[in-house]
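# What the coordinates show
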Amino acid sequence: MKLPHTQLAVLEAASAEEDRPTTEVASAADLKPEAATRAAFELEEAGLVTVSEETDDSVSLTDEGHTYVEEGLPELSLYEAALDAGADEDPASLGELLGAAGLDGPAVDIALANFARKGYGSVDSGDVSADPDADPATDAERLALEQLAEDGESDVDADVLDQLESRGLIARSESTVRSVRLTDEGVNALMEGIEVAETVDQLTPEMLTSGEWEDVEFTEYNVEADAEQVQGGKEHILRQTANRVKDVLVGMGFEEMEGPHADAQFWINDCLFMPQDHPARTHWDQFALETPDEIRDLPEDLVDRIHTAHKEGVGEDGEGYHSPWTEETARRLDLRGHTTSLSMRYLSGHQVGDLEPPQRYFSVEKVYRNDTLDPTHLLEFFQIEGWVMAEDLSVRDLFGTFTEFYEQFGITDLEFKPHYNPYTEPSFELFGEHPETGEIVEVGNSGIFRDEVTDPLGVDCDVMAWGLSLERLLMLMYGFEDIRDVHGTLCDLELLRDVEVVY
């Protein structure tokens, strides 16, 4: 009998007395696992071995899980700090306990959420009370993490594993383990002796150029054999959607805007008739840059007109804000909280020169806000900015534009709610229905710019504008319930690899 080298090596490494995993067989035969598996299937077809399969479930700690094994769970750190502060007798200040426990950032929310859930105590109006009868030494999640870190076994209570997985502290994986055993025919073949068949299992460029491929015998290809899993590069689903949004808007006659991510508050807020003492202009909502701390190339005549609009308003009935306004504040540098700063640059003529109506412009760019992270909010996200400059625009034109745009993505159930913005009148928020939960999700804000915005910019016709969330659009298209599944450090890589593109 003649067999290719790989098949003979697997046959000699297999046992007639026990099932041997293909990984062990591959190691003994000095083959790659996928080559050994392919050879095993070919030998099984010839009746020389049997191949059995079983599913192996494994559990491993994530990076966050390893961190908690070393440093302790945040809720336990909070409980220990509470006991040290005597909170088991009298409530203690949450702020003091967080500092004593060394908790900040996301760890604070994690500690608070699990502190009460596990019965370690309660938090009421910023005061923490600790249960003196709680026993952290018996904390099932802590014990499970330590056990998994020590021996990697998964004989932990299923409910505890589910909880750890929901917290992102463990990762579960499922794999198929194949094993090989010699049949009687395989044993007989080895005893009788097997010669190595001179076959070739790979076509090379050299064979093609020399013509050798015409004279060699190629190994049969088994399409059922396992192949090495290769995770190639792939365009992120968010980028795919952003590019598609751009294609749709270009198809609707829009041109794309470009501009700086870090800009003066003048372009970000002042041109939008946002008073300088507006809450959204504080560090609680936007990110200020320390160095450099100002921008110097502002057009003086436009600065004067914006100042006048803020102080006195526009037109005979204009009132303005009668609130403090300084050029120093207008020059301060921030990360843009919306891409409407680009709209101001373009409408003013500062970016590409004076524009005559009709005009349509858009951008799909990143913006930055000091928000609290949750399933629908991130510190940085993509905004779909757009505006139309034309004579006699109406709300009907605004709604019609949205209807045409969202229909391109299969969304036809838009709802509109009147809203207040300092820079548009009338103003509307947009909502769509989540395809999985049925909840109504806000997807954007819109309106027609007030005279206090357009008049200082030198625009003497109507301008309707909007800012839509790319991530919220993604949620309505694909049914994601938590945008952190697709964007950021907690994103689900398997979901991103497997998600189908929606057209």
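Quick caveat: nothing in here was measured; it's all calculated off a predicted structure.

When you go through the protein chain residue by residue, the secondary structure sums to 20 helices and 19 strands. Radius of gyration (C-alpha) of the protein chain: 33 Å, far over the 23 Å computed for a compact globule of 503 residues. Its C-alpha atoms give the protein chain principal-axis dimensions of roughly 110 × 75 × 45 Å. Burial analysis of the protein chain (503 residues in total) assigns 44% to the buried set. Look at the contacts in the protein chain between residues 6 or more apart in sequence, and 69% of them connect residues 24 or more apart. Here the protein chain displays about 26900 Å² of accessible surface, and carbon together with sulfur accounts for 45% of that area. For the protein chain, the distance from the average position of its 32 positive side-chain charges to the average position of its 115 negative side-chain charges is 6 Å.

Turning to the confidence of the model for the protein chain, a few remarks are in order. Taken as a whole, the protein chain shows an average pLDDT of 89; of its residues, 97% reach a score of 70 or greater. The secondary-structure element of the protein chain with the lowest mean pLDDT is strand E9 (residues 199–200), recorded at 74, while strand E11 (residues 255–256) shows the highest, at 97.

We now examine the packing of aromatic side chains. Counted by the stated rule, this structure contains 14 aromatic pairs. With centroids separated by 6.4 Å and ring planes inclined at 40 degrees, the aromatic side chains of Phe115 and Tyr120 adopt a geometry described as tilted. Comparing Phe115 with Tyr120, the two get one shared label, buried. Look at Phe402 and Trp466: their rings are 5.4 Å apart centre to centre, the planes differ by 75 degrees, and that puts the pair in the edge-to-face class. Highlighted residues: Phe402 in helix H17 (residues 395–407) and Trp466 in strand E19 (residues 462–469), separated in sequence by 64 residues. With respect to class, Phe402 is no different from Trp466; both count as buried. Site record: aromatic cluster; members linked through ring pairs are Phe254, Phe399, Phe402, Phe416, Phe428 and Trp466.

Within soluble globular proteins, side chains that are nonpolar tend to cluster in buried spots. If you look at the biggest cluster of nonpolar residues, it comprises 43 residues, and the most contacted ones within it are Val245, Ile384, Phe405, Tyr406, Leu470 and Leu473. Mapped onto this core, the elements with two or more residues apiece are helix H12 (237–251), strand E14 (359–368), strand E15 (380–390), H17, strand E17 (424–433), strand E18 (440–449), E19 and helix H19 (470–478). The biggest single contributor to this core is H19, with seven residues. If we ignore the near neighbours within four places in the chain, the residues touching Tyr406 are Ile411, Leu414, Leu430, Val443, Leu468 and Leu473.

What follows is about the pairing of strand E7 (residues 170–182). Taken together, the two bridges between strand E2 (residues 20–21) and E7 define a ladder with antiparallel strand orientation. By the bridge assignment, Arg20 is partnered in E7 with Val180. Of the strand pairs in this sheet, strand E3 (residues 49–61) and E7 are connected by 13 bridges, and their pairing is antiparallel. Bridge pairing links Asp57 to Glu174 in E7.

Next up on the list: empty space enclosed by the protein. Enumeration according to the criterion identifies one cavity of 30 Å³ or more in this entry. Roughly 30 Å³ of volume is contained in the largest cavity. Forming the walls of the largest cavity are Leu249, Thr401, Phe402, Phe405, Trp466 and Leu468. Elements supplying a minimum of two residues to the lining of the largest cavity: H17 and E19. Per-element tally for the lining of the largest cavity: the top contributor is H17, with three residues. For the lining of the largest cavity, a count of residues per class yields five nonpolar, one polar and no charged.

Three or more residues of helix H6 (residues 94–101) are buried, namely Leu94, Leu97 and Leu98. Mapping the buried residues of H6 onto a view down its axis gives an arc of 100 degrees, with all of them on the same face. For H6, the exposed residues lying more than 90 degrees away from the buried face are Gly95, Glu96, Gly99 and Ala100. Once H6 ends, the next one or two residues include Gly102, with phi positive near 70 degrees.

Our next topic: the packing of helix H1 (residues 5–13) against helix H3 (residues 33–45). Running from N to C, H1 and H3 cross one another at 85 degrees; their axes reach a closest spacing of 9 Å. In terms of axis orientation, H1 runs roughly perpendicular to H3. Judged by residue contacts, Thr6, Gln7, Val10 and Leu11 of H1 engage Ala36, Ala39, Ala40, Glu42 and Leu43 from H3. When its residues are assigned to classes, the contact of H1 with H3 shows six nonpolar, two polar and one charged.

Given 3.6 residues to a turn, an α-helix orients residues that are three or four positions apart in the same direction. Thr22, Val25, Ala26 and Ala29 are the residues of helix H2 (residues 22–29) that are buried. Around the axis of H2, the buried residues are gathered within 100 degrees of arc, so they sit on the same side. For H2, exposure combined with an orientation more than 90 degrees from the buried face picks out Thr23, Ser27 and Ala28. Looking at the buried positions of H2, the neighbouring elements they touch are H1, E2, H3 and E7.

Further remarks concern the sheet that holds strand E4 (residues 92–93). Strand order in the open sheet formed by three strands is E4-E6-E5, and the pairing between neighbours is antiparallel. Looking at the sheet topology across the chains shown, the edges are occupied by E4 and strand E5 (121–124). Across four bridges, E5 lies against strand E6 (residues 127–130) in antiparallel orientation. Directly across from Val123, in E6, lies its bridge partner Val128.

Nonpolar side chains collect at one region of the surface, where Leu203, Leu208, Trp213 and Phe218 lie side by side and expose about 390 Å² of accessible area between them. Mapping Leu208 onto the fold places it in helix H11 (residues 205–210).

A word on a negative patch on the surface. Taken together, the side chains of Asp354, Glu356, Glu391, Asp392, Asp451, Asp455 and Asp460 define an acidic patch exposed on the protein surface. Relative to the helices and strands, Asp392 is located in the loop between E15 and H17.

Before going further, it helps to examine the pattern of salt bridges. Pairs can form between side chains of opposite charge once their charged atoms are near each other. Tallied over the entire structure, the rule returns 24 salt bridges. We note a salt bridge from Arg345 to Asp263, for which the minimum N-O separation is 2.8 Å. Placement of the pair is Arg345 in helix H16 (residues 340–347) and Asp263 in strand E12 (residues 262–264), with a sequence separation of 82 residues. With a relative accessible area of 0%, Asp263 lands in the buried category. A salt bridge links Arg305 to Asp301, with the nearest nitrogen and oxygen atoms 3.6 Å apart.

Rules used throughout
- Residues numbered from 1 in each chain as written.
- Predicted model: local features only at pLDDT ≥ 70, side-chain atom pairs only at ≥ 80, totals over all residues.
- Heavy atoms only, no water.
- Helix = DSSP H or I, 4+ residues; strand = E, 2+ residues; numbered from the N terminus.
- Rg over C-alpha atoms; globule rule 2.2 N^0.38 Å.
- Buried < 20%, exposed > 50% of the residue type's maximum accessible area, 1.4 Å probe, protein only.
- Contact = heavy atoms within 4.5 Å.
- Areas by Shrake-Rupley, 256 points an atom, 1.4 Å probe, with all protein chains shown as cover.
- Lys, Arg positive; Asp, Glu negative; His and termini not counted.
- Charge placed at Lys NZ, Arg CZ, Asp CG, Glu CD.
- pLDDT = per-residue confidence, 0-100.
- Phe/Tyr/Trp six-rings, centres within 6.5 Å; stacked < 30°, edge-to-face > 60°.
- Core = buried A, V, L, I, M, F, W, Y, C linked by side-chain atoms within 4.5 Å.
- Pairing = 2+ DSSP bridges.
- 1 Å grid on protein atoms, 1.4 Å probe; cavity = no way out; pocket = protein on both sides within 12 Å on 5 of 7 lines; lining within 4 Å.
- Points joined across faces, edges and corners; volume = space filled by probe spheres on them.
- Nonpolar A, V, L, I, M, F, W, Y, C, P; charged D, E, K, R; others polar.
- Arc of directions from axis to C-beta.
- Axes fitted to C-alpha atoms, helices over the stretch in contact; angles between N-to-C directions.
- Parallel < 35°, antiparallel > 145°, perpendicular 65-115°, else oblique.
- Patch = residues over 30% accessible without salt bridge, like charges linked within 9 Å, V, L, I, M, F, W, Y side chains within 5 Å.
- Salt bridge = Lys/Arg side-chain N within 4 Å of Asp/Glu carboxyl O.

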